[in-house]
Amino acid sequence: MVTSPASVSREAIIQVRNLTNQFGTHVVHKDLNLDVYRKEILGVVGGSGSGKSVLLRSIVGLQKPTQGTVHIFGEDALTMTPEQRSRMERRFGVLFQRGALFSSLTVTENIAMPLIEHAGLSRTEAEHLAGVKIALAGLPAAAGDQYPASLSGGMVKRAALARALALDPEILFLDEPTAGLDPIGAGAFDQLILTLRNALGLTVFLVTHDLDTLYTICDRVAVLSDKKVLVADTLPVVEDTQDAWVHDYFHGPRGRAASKAINAAREVK
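Residues numbered from 1 in each chain as written. Predicted model: local features only at pLDDT ≥ 70, side-chain atom pairs only at ≥ 80, totals over all residues. Heavy atoms only, no water.

Peer 1: Which residues make up the packing of helix H5 (residues 153-164) against helix H6 (residues 183-200), and what values go with them?
Peer 2: Orientation of H5 relative to H6, taken along the N-to-C sense of each, is 15°, at an axis distance of 11 Å. Classified by the interaxial angle, the pair formed by H5 and H6 is roughly parallel. The interaxial crossing formed by H5 with H6 has right-handed handedness. Only Ala188, Phe189, Leu192, Ile193 and Leu196 of H6 make contact with H5, whose side of the interface consists of Lys157, Arg158 and Leu161. Taken together, the residues that form the contact of H5 with H6 break down as six nonpolar, no polar and two charged. (Axes fitted to C-alpha atoms, helices over the stretch in contact; angles between N-to-C directions. Helix = DSSP H or I, 4+ residues; strand = E, 2+ residues; numbered from the N terminus. Parallel < 35°, antiparallel > 145°, perpendicular 65-115°, else oblique. Left-handed = near helix turned anticlockwise from the far one by under 90°. Contact = heavy atoms within 4.5 Å. Nonpolar A, V, L, I, M, F, W, Y, C, P; charged D, E, K, R; others polar.)

Peer 1: Help me get a handle on the sheet that holds strand S2 (residues 26-37), residues and values and all.
Peer 2: The four strands lie next to each other as S2-S1-S4-S5, forming an open sheet whose pairing is antiparallel. A strand with exactly one partner marks an edge of an open sheet, and here the two such strands are S2 and strand S5 (75-76). Two elements, strand S4 (residues 67-72) and S5, share two bridges in a ladder whose sense is antiparallel. Note on S5: the bridge partner recorded for histidine 71 is aspartate 76. Sheet contacts for helix H1 (residues 52-60): strand S1 (12-23), S2 and S4; angle to S1, the most-contacted strand, approximately 120°. (Pairing = 2+ DSSP bridges.)

Peer 1: Hey, could you go over unusual backbone geometry for me, with residue numbers and the actual values?
Peer 2: Even without glycine at this site, phenylalanine 73 takes up a positive phi of about 55°. On the secondary structure map, phenylalanine 73 appears in the loop between S4 and S5. One non-glycine residue, aspartate 168, adopts positive backbone phi at about 55°. Turning to its location among the elements, aspartate 168 is positioned in the loop between H5 and strand S7 (171-175).

Peer 1: Could you give an account of the pattern of salt bridges, naming the residues involved and the relevant values?
Peer 2: On inspection of all chains with the given rule, the structure shows ten salt bridges. Between arginine 38 and glutamate 11 there is a salt bridge, with the nearest N and O atoms lying 2.8 Å from each other. One end of the pair, arginine 38, is in the loop between S2 and strand S3 (41-46); the other, glutamate 11, is in the segment before S1, with 27 residues separating them in the sequence. For glutamate 11, a relative accessible area of 41% gives the class partly exposed. A salt bridge links arginine 123 to glutamate 127, with the nearest nitrogen and oxygen atoms 2.9 Å apart. On the criterion of helical spacing, the pair formed by arginine 123 and glutamate 127 is a turn pair, its members being four residues apart in helix H4 (residues 123-136). Accessibility expressed as a relative area gives 52% for arginine 123, which makes it exposed. Three or more residues are tied together by salt bridges with common partners; here these are Glu11, Arg38, Arg91 and Glu170. (Salt bridge = Lys/Arg side-chain N within 4 Å of Asp/Glu carboxyl O. Buried < 20%, exposed > 50% of the residue type's maximum accessible area, 1.4 Å probe, protein only.)

Peer 1: Account for the packing of aromatic side chains, with residues named and values stated.
Peer 2: Think of a pair of aromatic rings as described by two things: how far the centres are apart, and how the planes are tilted against each other in angle. Scanning the model with the defined rule gives five aromatic pairs in all. Note on phenylalanine 173 and phenylalanine 205: the rings are 5.6 Å apart at their centroids and 50° apart in plane angle, and the pair reads as tilted. With a gap of 32 residues between them, phenylalanine 173 in strand S7 and phenylalanine 205 in strand S8 (residues 203-207) connect regions that are remote in the sequence. The same class applies to phenylalanine 173 as to phenylalanine 205, namely buried. A network of ring pairs unites the aromatic residues Tyr215, Trp245, Tyr249 and Phe250 as a single cluster. Just above the ring of phenylalanine 73 sits the side chain of arginine 91; from NZ or CZ to the centre is 3.6 Å. (Phe/Tyr/Trp six-rings, centres within 6.5 Å; stacked < 30°, edge-to-face > 60°. Lys NZ or Arg CZ within 6 Å of the ring centre and 35° of its normal.)

Peer 1: Requested: an account of the confidence of the model for the chain, with residues and values cited.
Peer 2: Looking at the chain, the pLDDT average stands at 90 and 91% of residues meet or exceed 70. Across residues 1-6 the pLDDT falls below 50, and counting only partners more than four positions away or on other chains, this stretch makes 21 contacts in the model. (pLDDT = per-residue confidence, 0-100.)

Next up, the structure:
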C-alpha cells in the first residue's frame, strides 16, 4: 500500500453499531459494526449482494436503517433534526457509482450548485470556485463548459469528484469510483485520491471491487460477509483471514497479480 501512515489517526470519526438493514423479508445487514478512522482510506469489499452500497447510503443518510446507530464526528446521525443533518452533510462529499451529474447542467454548473445552495455564494463566486475544484480533480479548464453527455467515462468520474469536493469536505465517500475505467485511467484516479487525501487530510470511505485500488491506496480493508463486517484491518491481516470468499478474492489470479505489482513498485522505490 502506498500510504502516509503518520497522517492516519486512531480517532474513529464514523462509528457504526449494530446496524441492521432489511427490505421486506430480505436482510442485508444484521448487527453490523464498523469504525472509520480520521485521515484513513478505508476500502469496503464483499461479494455481490453483501450490501456495500447500502452501507454507504446508510452512513450518508440516504437509507434509514431498520435498527442500529451511526455516529459521525461523535454525533448521532440518525436522530438529528433536518437542520443539524444539513450542517453535517456539508462536512462530507459523495461520488456516486455513475457520477449522478445533472445532464442538463454544464460541469461548472454541477459543481457550483452545492456552493450556491449550501454555502450561499453568488453564481459568479460559485462558478469561480468550481473552476478551482475542476483543476483539483485533474480536469482541463475547458471541461467546465461541457455537458456530462459529451465527457468520457474518466472525465465524468473526475467531474463528479470535483462536485464532491465542492464544499471542502472532511470525509469523502466513493462508490465504485474506478468501475468502467481502463487500467491506465483507473490507476490515475487512484493516485489522484491518494494525493487529495495526503494534501487535504481527507478521510475516504471507498466501496470498490478493484484489487489494484485496494493494494495501491487503502490503509485498511473491510470485508462484508454474512450480513456483517467479517474483518476490517490492513491487507496482510485480511489476506490471512480464514474465509472462502476472502481466499478466492485475494489469493486468486487477479489478487496475486495486484499484490505482485504493488510489491514490485515498492522495490523500485
